[in-house]
Amino acid sequence: MGERKIAMENAHALSEKIAIIGMAGKFPQAENIQRYWHNLVEGVEGIRFFTKEELLESGVDPALLDRPDYVPACGQLTEIEWFDAAFFQYTPREAEIIDPQQRLFLEAAWNALEDAGQSVSQLDGAVGVFAGIGANKYLTHVVSRPDLLRILDHRQIEVGNDKDFLTTRVSYKLNLTGPSFSVQTACSSSLVSVHLACQSLLNGECDMALAGGVSVQFLGKHGYLYKQGGIESPDGHCRCFDEKAEGTVFGDGVGVIVLKRLDEAIQDKDHIYAVISGSAINNDGAGKVGYTAPGFEGQIQVISEAMEVAGV
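Worth saying up front: this structure is predicted, and the values here are computed from it rather than measured.

Our next topic: the packing of aromatic side chains. Aromatic rings in a pair are described by how distant their centres are and how their planes are angled relative to each other. Summed over the entire model, instances satisfying the criterion amount to seven aromatic pairs. Ring plane angle 90° and centroid distance 6.4 Å describe the contact between Phe 88 and Trp 110, whose orientation is recorded as edge-to-face. Taken as a pair, Phe 88 in the loop between strand 4 (73-74) and helix 5 (92-97) and Trp 110 in helix 6 (residues 100-115) lie far apart in primary sequence, 22 residues in all. Here Trp 110 falls in the partly exposed class, since its relative accessible area comes to 24%.

Laid out in C-alpha cells, this is it:
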C-alpha cells in the first residue's frame, strides 16, 4: 500500500510539471539556438558597433554622430527580410505587407515544432500559442508606399501589422486548434506567455503549447543617446550580473519553446530540454519609486510564490 501511495504521489507530481521539448530562436549574431549557445560558451558579444558611414547610410542625423553621449551600438538581427512566402502559402505581395516580427515568429514556431519532433500535418490534440510582440516599426514603411495603398484596403494592412494577429496567424497557418493569445505586458511578455501556456496545459485546455516572443526594433543601423542614470549602457556593452554592469543595450530577437505536460512527455519519449516545476505572476501596483522602476517587494512575493508552487 505504501509503495502504491508513493507511486501515485510521484505520478501526481509529474502531472503538475511542464516539460520543454522543443526550442527555436534567432538573436543578434546567432541565427539559431545552437549558435546562440556557442556564443554564450565562447563569450561572443552579439551587440554590433557601427561606423559613421553605416549610420549615415541608414539615415541617422549627422549631428548626432559627433556627440560624446551617442553610442553607435545595438543588438540587430540580420536578414529579417528573408521569408519563404511560398512555404507558408503567402503571395509575395501578402508577405510584403506583414510586419517582419510576425513573419519571424511564424518561422520560429515552425522550427520549434520541428525541433520537438512534431509533424505539423500529424499533430495529435489541441496546441495552444501564447506570445508577445514588440512595437511595430514597419507600418510606417507600408503606409509610405503609394503603390501598395492603391491596391490594398486598410483591413488588409491592419491584419498584416496589428499585434492582435501574432498568435492566431500561427494557429491558422499551422492548423493549431488550442487557445491562441497575444500577450502584451511590455518587457515581461515572453515570460508571462510561458506562465499562461503552463496554466493552459495544467488546466487541460491544450495538450501542447508554443510560448515565446519577438521584437524587431532596428530596421536600420542605429545607436542611442546615453542619459546618466538611465537604463542604457554608457559604452554599448551589456555586463549582466557583473559588478561593472552600468546598463543595458536594446536589441532584436525571436524565441519560441514547445511545452507539454511532463508525464506525457516522458510517456511519449520526447526529448526534454528542461522542466518547469512552477511559475507565478503578479504586479507591483504603486509600490515602487516610479512607473518604470523595479518593485522589490513585488519581486520577492512572486519569486516566493513560484518556489512554493514548484515545491522547492
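Continuing now.
The next thing to look at is the pattern of salt bridges. One pass over the structure, following the stated rule, counts twelve salt bridges. The residue Arg 48 makes a salt bridge to Glu 54 at a minimum N-O spacing of 3.2 Å. The exposure class of Arg 48 is partly exposed, given its relative accessible area of 23%. For Glu 54, a relative accessible area of 24% puts it in the partly exposed group. Between Asp 268 and Lys 260 there is a salt bridge; the shortest N-O distance is 2.7 Å. Lys 260 sits in the buried class, given a relative accessible area of 8%. In the salt-bridge network here, residues are joined through shared partners; they are Arg 93, Glu 96 and Arg 145.

This next bit is on the packing of helix 6 against helix 10 (residues 166-173). Where helix 6 meets helix 10, the axes come as close as 10 Å, and the angle between the chain directions of the two elements is 45°. Considering the angle they form, helix 6 stands oblique to helix 10. In this structure, helix 6 meets helix 10 at a crossing whose hand is right-handed. Each of Gln 102, Phe 105, Leu 106 and Ala 109 in helix 6 lies in contact with helix 10, whose residues at this interface are Leu 166, Arg 169, Val 170 and Lys 173.

Position of Ala 108 relative to the elements: it lies in helix 6. Spatially, the C-alpha atom of Ala 108 lies 9.5 Å from that of Gly 212, the residues being 104 residues apart in sequence. Sequence-distant contacts of Ala 108, that is, excluding residues within four places in its chain, are made with Ala 24, Val 254 and Val 256.

Before going further, it helps to spend a moment on the sheet that holds strand 1 (residues 18-26). One open sheet holds the six strands; their spatial order is 6-5-7-9-1-10, and the pairing between them is mixed. Every interior strand has two partners, whereas the edge strands, strand 6 (180-182) and strand 10 (274-276), have only one. Averaged over all neighbouring strand pairs, the angle between strand axes comes to 25°, with direction disregarded. With seven bridges connecting them, strand 5 (residues 127-133) and strand 7 (residues 208-215) associate as parallel partners. Residue Ala 131 lies in a different strand from strand 7, and its bridge partner there is Gly 212.

Attention now moves to the nonpolar core. If you look at the biggest cluster of nonpolar residues, it comprises 37 residues, and the most contacted ones within it are Tyr 90, Phe 105, Val 170, Leu 174, Leu 210 and Val 258. Looking at this core, the elements with two or more residues in it are strand 1, helix 6, strand 5, helix 10, strand 7, strand 9 (253-261) and helix 12 (262-267). Per element, the largest residue contribution to this core is seven residues, and it comes from helix 6. Excluding residues that lie within four positions of it along the chain, Val 170 makes contacts with Phe 105, Leu 106, Ala 109, Val 129, Asn 175, Leu 176 and Leu 210. Judged by nonpolar contacts, the second largest core, of 14 residues, contains Ile 18, Ala 126, Cys 198 and Cys 206.

Conventions adopted
- Residues numbered from 1 in each chain as written.
- Predicted model: local features only at pLDDT ≥ 70, side-chain atom pairs only at ≥ 80, totals over all residues.
- Heavy atoms only, no water.
- Phe/Tyr/Trp six-rings, centres within 6.5 Å; stacked < 30°, edge-to-face > 60°.
- Helix = DSSP H or I, 4+ residues; strand = E, 2+ residues; numbered from the N terminus.
- Buried < 20%, exposed > 50% of the residue type's maximum accessible area, 1.4 Å probe, protein only.
- Salt bridge = Lys/Arg side-chain N within 4 Å of Asp/Glu carboxyl O.
- Axes fitted to C-alpha atoms, helices over the stretch in contact; angles between N-to-C directions.
- Parallel < 35°, antiparallel > 145°, perpendicular 65-115°, else oblique.
- Left-handed = near helix turned anticlockwise from the far one by under 90°.
- Contact = heavy atoms within 4.5 Å.
- Pairing = 2+ DSSP bridges.
- Core = buried A, V, L, I, M, F, W, Y, C linked by side-chain atoms within 4.5 Å.

In short, geometric facts, not functional conclusions.
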